[in-house]
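Each chain is listed here by its residues.
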Amino acid sequence: MSHDEHHELSFIRKYVFSIDHKVIGIQYGITALCFLFFGFCLMMLMRWQLAYPGQELPVLGKLLGEEFFPGGVMTPDFYNSLGVMHGTIMIFLGVVPLLVGAFGNYVMPLQIGAPDMSFPKLNMASYWIYLCGGCVMLASFFVPGGAANSGWTAYPPLSVTATTGQTWWIIGMVFLITSSLLGSVNFIVTIVQLRAKGLTMFRLPFFVWSQLVTAFLLLLAFPPLEAAGVLQLADRVLGTSFFLPEGLVISGQQLVQGAVPSGGGNPILWQHLFWFLAHPEVYVLILPAMGIVGEIIANNTRKPLWGYRPIVYSSIFLGFMSFIVWAHHMFITGMGTSLSMFFATTTMIISIPSVVILTALVISLYKGSIRFNVPMLFALSFLPMFAIGGLTGLPLGLPASDIHLHDTYYVIGHFHYVVAPGTIFAIFAGVYYWFPKVTGRRMSEGLGKIHFWLSLIGMNGAFMPMFFVGIAGMLRRGYDPAAYAANENLLGMVKMSSWSVWMLGVAQLPFILNFFMSIVAGKKVSANPWEATTLEWSAPSPPPHGNFEAVPVVYRGPYEYSTDDRKDDFFPQHLQAEA
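Residues numbered from 1 in each chain as written. Predicted model: local features only at pLDDT ≥ 70, side-chain atom pairs only at ≥ 80, totals over all residues. Heavy atoms only, no water.

Along its length, the chain carries 16 helices and four strands. For the chain, the spread of C-alpha atoms along the principal axes amounts to about 85 × 55 × 55 Å. Sorting the 579 residues of the chain into buried and exposed places 57% on the buried side. Within the chain, residue pairs in contact and separated by at least 24 positions form 78% of the contacts whose partners lie at least 6 positions apart. Total accessible area on the chain stands at roughly 23000 Å², and carbon and sulfur atoms take up 69% of it. Averaging the positions of the 27 positive and the 28 negative side-chain charges in the chain gives two centres separated by 9 Å. (Helix = DSSP H or I, 4+ residues; strand = E, 2+ residues; numbered from the N terminus. Buried < 20%, exposed > 50% of the residue type's maximum accessible area, 1.4 Å probe, protein only. Contact = heavy atoms within 4.5 Å. Areas by Shrake-Rupley, 256 points an atom, 1.4 Å probe, with all protein chains shown as cover. Lys, Arg positive; Asp, Glu negative; His and termini not counted. Charge placed at Lys NZ, Arg CZ, Asp CG, Glu CD.)

Structure follows, in structure tokens:
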């Protein structure tokens, strides 16, 4: 027995600097939900400026200070800062830590029958480095000139010559990337080395496969961006010129060596390094979400996932292909027709495994005995929302159409259909589904359904109009849409988006109420309330230290539902067949 098992741990060791994967998963989950809420609030501020450009923001306009809201009206620079920080916080501080840090940390070791992660102290370090990165990001709002305002992609030369907040943004990103690298190594080793006896690779739940592929994406794609971040930091504070070209002119003045360094650098190099991470990052968001949806669909249709092996192979192929499509974000840089067609071709190819996975999940519904509980509603809504996001992305993968649509609201609509009603709906599905495992209690179905329907309406009302205003040419980073909107109808659609976003904000109140009420007063449930087959439900709810009362042994695949030779309609992985 370990030293920790002989002595009761102090509160600090047990709940703050914990090395238990379950506590770390909860820490990631609560922290990421807070960041997600804050990032959403920034977006609601932006939508006021877009819906009512130049008008005073009620109440908050005066409270947020004259520097950024003179006379209560938002400044263009602060609007740009909100755009940068909204995107960065939602992706790097919200969605990825929830899908990988929270769900991955808590559920994956349970699903493979492991007592903990392979490197528990590395796991703890990963969380605290993530938290430090988030705090640095948020602190940048309070430095002179405010937070970073050079776009969430941080393109030089603008980002190199920007205000102090950009330096804090880069430092925060270096922290976040380091955290992800530590976590990804831990996930890969844990899945490969700590599987229960009998749990072969093709008996793993699809959620575990999605976490494994995601860990490889993080491990291979993040180092180039970390290197790029360090180089840009050097450009800003050490006087180097990795990304600043010769003869750079800003506001009519040519920059010379000694003032702001200029000479010999290549701003396009940053774009290559950034997008080499940022496109695999899309699948870092999508694959764990698909894993969550797959678990919930199999459980609530009471039948195995259709095409389990093709889904697994498709997720591996998706991960591989994600590394050779990055420059479809860069057609506008004039890379040449041959290279453009290479990236256009690989972009069309990468849509195939996504379609295979989505099709398999849809076919899994056929002849299923579907239970329409709250996790299933969110999982079902993921399917058409992600499909819209995927289909609208195809024109952006072809140079001829992308050149017209690039940097318009069409791109915002496409990306948000993938990440907002797509990925975030999968996150909500996972929260409702695994909440009983974490707490031993169940969330309210009534409040959950109110949350679902209001969110579904709000999401589509917010993002569907963006396709139409984008096709009409409305630029994505414009501070004042009235300055270049083609007609009043476009402004009406912009207002519709804003009102839908505020409705979406109100829709989260039932979820917040449900979440905290259920922790203390939710209906107590058995260890396996969903009658599921995967290993995490063979542990008590909530699981004790070490997870399992007896070391589990696996005898079959992950989704043995509705088998003919059993009275029950589910056959858990850890139960032996009756003689």
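What follows is about the nonpolar core. Ranked by internal contacts, the top residues of the largest apolar core, which has 173 residues, are Met85, Trp169 and Ile297. Contact partners of methionine 85, with chain neighbours within four places excluded, come to Leu42, Met137, Ser140, Phe141, Ala147 and Trp169. (Core = buried A, V, L, I, M, F, W, Y, C linked by side-chain atoms within 4.5 Å.)

The next point concerns unusual backbone geometry. The amide bond that connects proline 156 to the next residue, proline 157, takes the cis arrangement and shows omega of 5°. Among the secondary structure elements, proline 157 is positioned in the loop between helix H6 (120–139) and helix H7 (164–193). The residue after serine 541, namely proline 542, is reached through a cis peptide bond having omega -5°. Along the polypeptide, proline 542 turns up in the segment after strand E4 (523–524). Although it is not a glycine, lysine 367 adopts a positive phi angle of roughly 60°. On the secondary structure map, lysine 367 appears in the loop between helix H11 (337–363) and helix H12 (374–393). According to the relative accessible area criterion, lysine 367 is exposed, its value standing at 71%.

Our focus in this paragraph is the packing of helix H15 (residues 445–471) against helix H16 (residues 488–521). Across the interface, H15 lies against H16 with an axial gap of 8 Å and an inter-helix angle of 160°. One way to sum up the angle between H15 and H16 is to call them roughly antiparallel. Seen from above, H15 lies across H16 with left-handed handedness. Here the residues of the contact of H15 with H16 are counted per class, giving 20 nonpolar, nine polar and no charged. (Axes fitted to C-alpha atoms, helices over the stretch in contact; angles between N-to-C directions. Parallel < 35°, antiparallel > 145°, perpendicular 65-115°, else oblique. Left-handed = near helix turned anticlockwise from the far one by under 90°. Nonpolar A, V, L, I, M, F, W, Y, C, P; charged D, E, K, R; others polar.)

In total, this model carries six salt bridges according to the counting rule given. With a shortest N-O distance of 3.0 Å, aspartate 569 and arginine 302 are connected by a salt bridge. With aspartate 569 in the segment after E4 and arginine 302 in the loop between helix H9 (267–301) and helix H10 (308–321), this residue pair connects regions lying 267 residues apart in the sequence. The partly exposed category is assigned to aspartate 569, whose relative accessible area is 29%. Overall, arginine 302 belongs to the buried group, its relative accessible area being 4%. Among the salt bridges present, the one from aspartate 407 reaches arginine 477, with a minimum N-O distance of 3.1 Å. Of this pair, aspartate 407 sits in the loop between helix H13 (399–405) and helix H14 (409–439) while arginine 477 sits in the loop between H15 and H16, and the two are 70 residues apart along the sequence. Residue class for aspartate 407 comes out partly exposed when judged on its relative accessible area of 28%. (Salt bridge = Lys/Arg side-chain N within 4 Å of Asp/Glu carboxyl O.)

This part covers the environment of phenylalanine 202. Relative to the helices and strands, phenylalanine 202 is located in the loop between H7 and helix H8 (206–237). In this structure, the C-alpha to C-alpha distance between phenylalanine 202 and tyrosine 308, residues 106 residues apart in sequence, is 8.8 Å. In this view, phenylalanine 202 contacts Tyr308, Arg309, Val312 and Tyr313; residues no more than four positions away in its chain are not counted.

Moving on to H9. Three or four residues apart is the spacing at which side chains of an α-helix point the same way, because the helix has 3.6 residues per turn. For H9, which comprises 35 residues, the first-to-last C-alpha distance of 51 Å matches the rise-based estimate of 51 Å (1.5 Å per residue) to within 8%. Of all the bends in H9, the largest measures some 30° and sits at tryptophan 275. A large share of H9 lies buried, amounting to 30 of its 35 residues. Its side-chain oxygen placed 2.9 Å from the backbone nitrogen of isoleucine 268, asparagine 266 serves as the N-cap of H9. Immediately downstream of H9, the backbone of arginine 302 shows phi near 60°, a positive value. (Expected span 1.5 Å × (residues − 1). Bend = angle between axes of the 7 residues up to and from the residue. Polar contact = N/O pair within 3.5 Å; in protein donor to acceptor, adjacent residues only side chain to side chain.)

Moving on to a nonpolar patch on the surface. A grouping of Phe37, Val506, Leu509, Ile512, Phe516, Ile519 and Val520 is seen on the molecular surface, where their side chains present a nonpolar patch of about 680 Å² in accessible area. Residue contributions to the nonpolar patch peak at six residues, all from H16. Relative to the helices and strands, valine 520 is located in helix H16. Its relative accessible area of 61% is what places valine 520 among the exposed residues. (Patch = residues over 30% accessible without salt bridge, like charges linked within 9 Å, V, L, I, M, F, W, Y side chains within 5 Å.)

Glancing now at the packing of aromatic side chains. What describes a pair of aromatic rings is the distance from one ring centre to the other and the angle between the planes of the rings. All chains considered together, the criterion is met by 47 aromatic pairs. A ring pair is formed by phenylalanine 35 and tyrosine 130, whose centres lie 6.0 Å apart and whose planes are at 80°; its orientation type is edge-to-face. With phenylalanine 35 in helix H3 (residues 21–51) and tyrosine 130 in helix H6, this pair connects stretches of sequence that are 95 residues apart. Among the residues examined, tyrosine 130 registers a relative accessible area of 2% and is labelled buried. Here phenylalanine 452 and tryptophan 453 contribute two aromatic rings whose centre-to-centre distance is 4.8 Å and whose plane-to-plane angle is 70°, an arrangement assigned as edge-to-face. Phenylalanine 452 gets classed as buried once you look at its relative accessible area, which sits at 3%. We classify tryptophan 453 as partly exposed; its relative accessible area is 48%. The ring of phenylalanine 202 carries the charged tip of arginine 309 above its face, separated from the ring centre by 4.1 Å. (Phe/Tyr/Trp six-rings, centres within 6.5 Å; stacked < 30°, edge-to-face > 60°. Lys NZ or Arg CZ within 6 Å of the ring centre and 35° of its normal.)

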